[in-house]
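Here is what each chain is made of, one letter per residue.
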Amino acid sequence: MEDDLKKAFHIRKAVFVEEQGVPIEDEFDEFDNLNGQCEHILVYFEEQLVGTGRVRWVDEFGKLERICILEQYRKFGLGKVMITALEEITLERGASCVKLHGQTQAEGFYKKLGYHSSSSIFIEDGIPHLLMTKELMNR
């Protein structure tokens, strides 16, 4: 499990730090562990690790965080697969709502998945974001 977490960190560093310029000290936080405060997932494409994300429980919400896919794999529908998996985990844990801080450039992607913008644009790590929310239904 610890090896899988290190793999997730490698993907996040490649996407957020190297590609998008997020300071490394802002990318990693106290939830980057395996103590049960959140659940991390890995996404593979043709046996190659290409993405990661996590869900953390905040009040009655599952908060989707650190969602990323390596650039060359972003057109294969893997983002949708990852979001669906994180939503399933949220439902399994008993939460029926999810929220996330989505980059404004990904707003359309999240809207196609049923998310609604719930805030004005704000800056997080130098990147414009929106709070987005979704009510989940048991599948």
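Higher on the page you've got the structure.
An account of the accompanying structure is given in this report.

What counts as what
Residues numbered from 1 in each chain as written. Predicted model: local features only at pLDDT ≥ 70, side-chain atom pairs only at ≥ 80, totals over all residues. Heavy atoms only, no water. Buried < 20%, exposed > 50% of the residue type's maximum accessible area, 1.4 Å probe, protein only. Helix = DSSP H or I, 4+ residues; strand = E, 2+ residues; numbered from the N terminus. Pairing = 2+ DSSP bridges. Phe/Tyr/Trp six-rings, centres within 6.5 Å; stacked < 30°, edge-to-face > 60°. Lys NZ or Arg CZ within 6 Å of the ring centre and 35° of its normal.

### Thoughts on the pairing of strand β2 (residues 48-58)
Consecutive side chains of a regular strand alternate in pointing toward one face of the sheet and then the other.
Okay, so step 1: Within β2, nine of the eleven residues are buried, which leaves it mostly tucked inside the rest of the structure.
Okay, so step 2: Of the pairings in the sheet, the one linking strand β1 (residues 38-45) to β2 comprises eight bridges and is antiparallel in character. Counterpart to histidine 40 in the pairing with β2 is arginine 54.
Okay, so step 3: Counting the residues between successive antiparallel strands, the hairpin from β1 to β2 contains two residues, one of them, glutamate 46, with a positive phi of roughly 50°.
Okay, so step 4: Where β2 lies against strand β3 (residues 61-69), seven bridges are found, and the strand directions are antiparallel. Along β3, the bridge assignment pairs threonine 52 with cysteine 68.

### Notes on the packing of aromatic side chains
Okay, so step 1: Tallying each qualifying case throughout the model produces six aromatic pairs.
Okay, so step 2: Each ring, one from tyrosine 73 and one from phenylalanine 76, has its centre 6.3 Å from the other, and the planes form 45°; the classification is tilted.
Okay, so step 3: Note on tyrosine 73: relative accessible area 18%, which makes it buried.
Okay, so step 4: One aromatic cluster in this structure is built from Phe45, Tyr73 and Phe76.
Okay, so step 5: A cation over a ring is seen here: arginine 56 above phenylalanine 31, with NZ or CZ 4.1 Å from the ring centre.
Okay, so step 6: Directly above the aromatic system of tryptophan 57 lies the positively charged group of arginine 93, at a separation of 4.0 Å from the ring centroid.

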